[in-house]
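One letter stands for each residue in the lines below.
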Amino acid sequence: MSKPTRPDPADPLVSLFKSIGLTQAKAQEAAKSPKSAAILKGIIESYPTVSSGELHEKQAGLIVALAGALAKTSVGSVERDYLIATILENRLKSVDQVTAAVKFVETHKVPVNEAEFDKECGVGFSITPEELDDRITKYIASNGVASWGSLGAVISALRATPELRWANPLHVKNAVEKGFTETFGAKEAAKPKGKEPKKDAKPAAKEAKTSEFTSSDSSSVRKSVFEEGFLGSLHKPGENPQANPRHREAHLAVTAGKVWTRFPPEPNGYLHIGHSKAIFVNFGYAAYHKGKCYLRYDDTNPEKEEAKYFESILETVRWLGFEPWKITYSSDYFDELYDLAVELIKRDKAYVCHCTQEEIKVDRGEKRGQPRPCVHRNRPISESLVEFEAMKNGKYRPKEANLRMKQDLEDGNPQMWDLTAYRVLDTPHHRTHDKWKIYPTYDFTHCLVDSIENISHSLCTTEFIASRQSYEWLCDAVDVFRPRQSEYGRLNLEGTIMSKRKIHALVSGGYVNGWDDPRLYSLIALRRRGVPPGAIISFVSTLGVSTATTNIEISRFEQSVRQYLENTAPRLLMVVKPLKVTIQNLPEDYVSTIEKSLHPKVPELGTSAIPFTRNIYIESDDFRLEDSKDYFRLAPGKTVGLFGAPYPITYVSHKVDPVTGEVAEVVVKLQNEGPVKKPKTYIQWVAEHAASGSPVRVDETRIFHRLFKSDRPSGDISDLEPNSLEIVKGALVETGFWALAKRSLIEARREATLRTEKAAQENKTTETATGDDTPHATTEQLIGKECVRFQGLRVGYFALDKDSRLACLDGPDALEASRKQGDYVVLNRIVTLKEDSGKTT
């Protein structure tokens, strides 16, 4: 859209606006919007104090802001007089206060309660530096803020609290930075931050052992997310203004004053990491307030919708730990929406337009900056009714006729410039089939279905801020309940792409292996990679919810996943690139059994029994021929410990492959006689013992690296990292893997069954009519091979890939957990371990 033309400096309005104390630039800016300019002109001409030229520039700017706010409301003249007086008396000192004041008088007529007005609008607000520092220190301590990485989220959250809503933003920012410096050290030194107080890992681990999934129960998420900041400041059900009071009464009669939300995805693609925030906000907010959340498919574009997306969306929502109260479709309400469109025409608020798409763009100001009336805008109501019926009956081809809303072309908001309400499409609909030849647009459908479903809080991202005005206009235009739309900042992950179109190009071009390729950040890809759903919810809740867009680096997301897995993932011995080690002072047939903990800090995760024999394997990187003072692993003359083994080993000799020249075997001595000196470091190992099935040989270990070279990729093929997928064959894992895999799937199946049964009892997601293809809650949606996760000690975190074939997992629970004929083990690395001195040296 081209930019609006700046008013001529010689324009009489510009001169008039300059007379109240505005600069030339600000006067020209104020004259750009015809509607607000007319209101500002009226204020100047009606109030001698304003036109006297005695206002300082800041007061003049507030008068301009008031005119802009009044242009979007129906505030009466008495209330307008009151607001102007508060500016002239210096009670309102910022644009935010003016905006709040206008909203206040919309629902509180003069005479207002002065104390209530002052509180809501920040009049007389003051806070000392000491009080500000104290509140920030308490916030950091009570909300588990971990590092400088949370700076932006903390500032946004504090600015949204009632106590600091009106504090000087710069003062808040400086005070938060001071608090962070005192808590975490200088910003440059904050990266390797000190250890935080230890928390009891047992409860979390116990939950990890018995629960693959997160819970929509609000107690599972830190309360401050829903009590403070953006979500904490939302209106209570029924408090949102209504053009007709009876709508509020009818709404509350249905909802009983509870929070009702909805998650309304378009079923034209797979959900990505950004959607996890929307799912968390909508389902989590409703759950926290013991309300209800719909899963509503916004299926108004049959040209792009496919059945697989409907299934995937429900599966993903449930995988993240939430259960929809009810599954609905926008298409459920096509009949009602059509009737409301007819009503809109009858009220002279809509008309049928036969302009071309190019003509519509010109009329809507996309070519010239200002809208102009469509040539069909003032056609008779009866004519539009006939033409709309003809559209419905298939008289017109696509783009030959549209129903457009008759909004306000004088408004400065493009979302009020006669948006399209219905268009003609020839494509059959997946549910209504050939019944309709016309389909409602998002702008027409969304607010009206919110109204029909009695949504108390229509929560969406900030790109829809401008749409709020048309949302409310349409509800009022057809005289229905008007939900309140509130906007929060979206979540973006830097270093990857989320565009469906761009991902589709990668998939169709064979650059990635489908939409669930673990190098992508679609939620099905993250699930396949092995990222636990609880880690994603924890990540989103830690970021907080504000109106600011959250741009997060991939490394920060992975660190959050790593922290989640630290106390929940069992630990197995694993070597990725094995090197054979022979313990020369043990007999050929020597074998002993070592019982090792699956997590040293979490006994609830259990133990595993592994063999210790004469022949073991270590990581090839844990041996080198050239020793150095800062190297503590195995080398000539060095002794090293083996995790879980009773004695360390000392280098004796090595053998070299005659073809490659590389070390093929190391011969060592077990230090099992006399006093044993504790070694400086320990390494992982696995034993060779065919009788017990040791080691478990991994057919493929898939290591995923960044898909793109640049930090902000556009999706261009030339930006793809050529070595983003590394496949290692022949890694080895301890035999405890089989029992862990079996137990993990049994536990996941048990909980999935319980959750699905509970969903059937409490919600309406298992009800399907005859012939209805609505997806419903099933146990299978929550079970996958990715439930098998573990930490390969000193290697990384891994999960079983869906390409794996493990007969013991598919058989009955009583089937022995061991390798069977035809098994094929594929592991995905979820994330790396933290860098640690033991590994790097």
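Residues numbered from 1 in each chain as written. Predicted model: local features only at pLDDT ≥ 70, side-chain atom pairs only at ≥ 80, totals over all residues. Heavy atoms only, no water.

1. Some words on the packing of aromatic side chains
And step 1. On inspection of all chains with the given rule, the structure shows 30 aromatic pairs.
And step 2. Between Tyr270 and Trp515, the ring centres sit 5.6 Å apart and the planes meet at 50°, which makes this aromatic pair tilted. Note that Tyr270 is positioned in the loop between β1 (260-263) and α16 (273-288) and Trp515 in the loop between α23 (500-508) and α24 (523-529), a separation of 245 residues in sequence. Judged on exposure class, the residue Tyr270 and its partner Trp515 are both buried.
And step 3. Three or more aromatic residues link up through ring pairs in this structure, and these residues are Phe334, Tyr338, Phe388, Tyr422, Trp436, Tyr439 and Phe444.
And step 4. Above the face of the Tyr631 ring, Arg624 is positioned so that its terminal group lies 3.8 Å from the ring centre. (Phe/Tyr/Trp six-rings, centres within 6.5 Å; stacked < 30°, edge-to-face > 60°. Helix = DSSP H or I, 4+ residues; strand = E, 2+ residues; numbered from the N terminus. Buried < 20%, exposed > 50% of the residue type's maximum accessible area, 1.4 Å probe, protein only. Lys NZ or Arg CZ within 6 Å of the ring centre and 35° of its normal.)

2. Some remarks on the sheet that holds β1
And step 1. Spatially, 3 strands are ordered β1-β2-β3 in an open sheet, and the strand pairing comes out parallel. In the strand order of this sheet, the two ends are held by β1 and β3 (326-329), each with one partner. Averaged over neighbouring strand pairs, the angle between their axes works out to 35° when direction is ignored.
And step 2. Docked against the sheet, helix α17 (residues 307-319) engages β1, β2 (292-297) and β3, running at close to 155° with respect to β2. (Pairing = 2+ DSSP bridges. Axes fitted to C-alpha atoms, helices over the stretch in contact; angles between N-to-C directions. Contact = heavy atoms within 4.5 Å.)

3. Focus: unusual backbone geometry
And step 1. Of the consecutive residues Val110 and Pro111, the connecting peptide bond is found in the cis state with omega at 5°.
And step 2. Counting through the fold element by element, Pro111 comes out in the loop between α7 (95-107) and α8 (114-121).
And step 3. The phi dihedral of Asn90 is positive, around 65°, even though this residue is not glycine.
And step 4. Inspection of the secondary structure puts Asn90 in the loop between α6 (77-88) and α7.
And step 5. Since its relative accessible area comes to 39%, Asn90 is described here as partly exposed.

4. A short note on the pattern of salt bridges
And step 1. Evaluation of the coordinates by the stated rule reveals 50 salt bridges.
And step 2. Note that Glu114 and Arg91 form a salt bridge whose closest N and O atoms lie 2.8 Å from each other. Highlighted residues: Glu114 in helix α8 and Arg91 in the loop between α6 and α7, separated in sequence by 23 residues.
And step 3. The buried category is assigned to Arg91, whose relative accessible area is 18%.
And step 4. Note that Arg529 and Glu558 form a salt bridge whose closest N and O atoms lie 2.9 Å from each other. Remark: Glu558 occurs in helix α26 (residues 554-566) and Arg529 occurs in helix α24; sequence separation between them is 29 residues.
And step 5. For Arg529, a relative accessible area of 5% puts it in the buried group. (Salt bridge = Lys/Arg side-chain N within 4 Å of Asp/Glu carboxyl O.)

5. Points about helix α21 (residues 442-452)
And step 1. Counting buried residues in α21 gives 8 out of 11 residues, a clear majority hidden from the surface.
And step 2. Taken together, the buried positions of α21 are occupied by Phe444, Thr445, His446, Cys447, Leu448, Val449, Asp450 and Ser451.
And step 3. Downstream of α21 by a residue or two, Asn454 has a phi angle that is positive, lying close to 60°.

6. Describing the packing of helix α5 (residues 57-70) against α7
And step 1. The contact between α5 and α7 brings their axes to 9 Å, and the two run at 35°. Classified by chirality, the crossing of α7 by α5 is right-handed. Where α5 abuts α7, its residues Leu62, Ala65, Leu66 and Ala69 lie against Val95, Val98 and Val102.
And step 2. Tallied by class, residues from the contact of α5 with α7 come to 7 nonpolar, no polar and no charged. (Left-handed = near helix turned anticlockwise from the far one by under 90°. Nonpolar A, V, L, I, M, F, W, Y, C, P; charged D, E, K, R; others polar.)

7. What about the environment of Lys290?
And step 1. Assignment of secondary structure puts Lys290 in the loop between α16 and β2.
And step 2. Accessibility expressed as a relative area gives 65% for Lys290, which makes it exposed.
And step 3. Considered as a pair, Lys290 and Tyr442 are 152 residues apart in the sequence and their alpha carbons are 29 Å apart.

8. Quick notes on the pairing of strand β17 (residues 615-619)
Every other side chain in a regular strand lies on the same face of the sheet, so the side chains alternate between the two faces.
And step 1. Taking burial as the measure, the 5 residues of β17 include 4 buried ones, the bulk of the element.
And step 2. Judged from the 5 bridges that link them, strand β14 (residues 578-583) and β17 form a sheet pairing that is antiparallel. Bridge pairing links Leu579 to Ile618 in β17.
And step 3. Across 3 bridges, β17 lies against strand β22 (residues 685-687) in antiparallel orientation. Within β22, the position partnered with Tyr617 by the bridge is Val686.

9. Focus on empty space enclosed by the protein
And step 1. Evaluation of the coordinates by the stated rule reveals 3 cavities of 30 Å³ or more.
And step 2. Lining the largest cavity, in full, are Tyr442, Asp443, His446, Phe464, Ser467, Ser470, Tyr471 and Gln485.
And step 3. Residue assignment for the lining of the largest cavity shows that the elements contributing at least two residues are α21 and α22 (467-477).
And step 4. Among the residues forming the lining of the largest cavity, the class breakdown is 3 nonpolar, 4 polar and 1 charged. (1 Å grid on protein atoms, 1.4 Å probe; cavity = no way out; pocket = protein on both sides within 12 Å on 5 of 7 lines; lining within 4 Å. Points joined across faces, edges and corners; volume = space filled by probe spheres on them.)

10. As for the sheet that holds strand β13 (residues 574-575)
And step 1. Here we have 3 strands laid out as an open sheet, ordered β13-β26-β23, and antiparallel in their pairing. With one partner strand each, in any of the chains shown, β13 and β23 (696-698) form the two edges of the open sheet.
And step 2. Where β23 and strand β26 (residues 731-733) come together, 3 bridges link them in antiparallel fashion. The partner of Arg697 across the bridge, within β26, is Leu732.

11. Some remarks on the side chain of Glu786
And step 1. Note that Glu786 resides in the loop between α27 (736-762) and β27 (789-792).
And step 2. Looking at Glu786, the relative accessible area reads 9%, which means it is buried.
And step 3. Once you skip the residues sitting within four places of it in the chain, Glu786 turns out to touch Trp319, Arg527, Arg528, Gly530, Ala799 and Leu800.

12. Overview of the side chain of Ser724
And step 1. Relative to the elements of secondary structure, Ser724 occurs in the loop between β24 (700-704) and β25 (725-728).
And step 2. Since its relative accessible area comes to 2%, Ser724 is described here as buried.
And step 3. Within the structure, the side chain of Ser724 is placed 2.8 Å from the side chain of Arg519, a separation counted as a polar contact.
And step 4. Each residue touching Ser724, except ones within four places of it in the same chain, is listed here: Arg519, Ile703, Phe704, His705, Arg706 and Leu707. (Polar contact = N/O pair within 3.5 Å; in protein donor to acceptor, adjacent residues only side chain to side chain.)

13. Some details on the confidence of the model for the chain
And step 1. A residue-level look at the chain finds 92% of positions with pLDDT of 70 or above and a mean pLDDT of 88.
And step 2. Throughout residues 835-841 the model reports pLDDT below 50, and contacts reaching past four residues in sequence, or to other chains, amount to 12 contacts. (pLDDT = per-residue confidence, 0-100.)

14. Re the environment of Val640
And step 1. Looking at where Val640 falls in the secondary structure, it is placed in strand β18 (residues 639-642).
And step 2. Spatially, the C-alpha atoms of Val640 and Ala731 are 22 Å apart, while their sequence positions differ by 91 residues.
And step 3. Apart from residues no more than four positions distant in its own chain, Val640 is found in contact with Phe632, Arg633, Leu634, Pro648, Ile649, Pro679, Thr681 and Ile683.

15. A word on helix α18 (residues 334-346)
And step 1. Given a rise of 1.5 Å per residue, 13 residues ought to cover 18 Å, and the 18 Å separating the end C-alpha atoms of α18 matches this to within 8%.
And step 2. All buried positions along α18 are accounted for by Phe334, Leu337, Tyr338, Leu340, Ala341, Val342, Leu344 and Ile345.
And step 3. Asp348 sits one or two residues past α18 and shows a positive phi near 60°. (Expected span 1.5 Å × (residues − 1).)

16. Brief notes about the packing of α6 against α7
And step 1. Relative to each other, α6 and α7 sit at 155°, their axes nearing to 10 Å. Viewed along their axes, α6 and α7 adopt a mutual orientation that is roughly antiparallel. The two elements α6 and α7 cross, and the hand of that crossing is right-handed. Together, Glu79, Tyr82, Leu83 and Ile87 of α6 and Val98, Ala101, Val102 and Val105 of α7 make up the contact between the two elements.
And step 2. Classifying every residue of the contact of α6 with α7 gives 7 nonpolar, no polar and 1 charged. (Parallel < 35°, antiparallel > 145°, perpendicular 65-115°, else oblique.)

17. Observations concerning the environment of Ser150
And step 1. Here Ser150 lies in the loop between α9 (129-142) and α10 (151-159).
And step 2. Residue classification places Ser150 among the buried positions, given a relative accessible area of 9%.
And step 3. Residues Ser150 and Phe180, spaced 30 residues apart in sequence, show a C-alpha to C-alpha distance of 9.5 Å.

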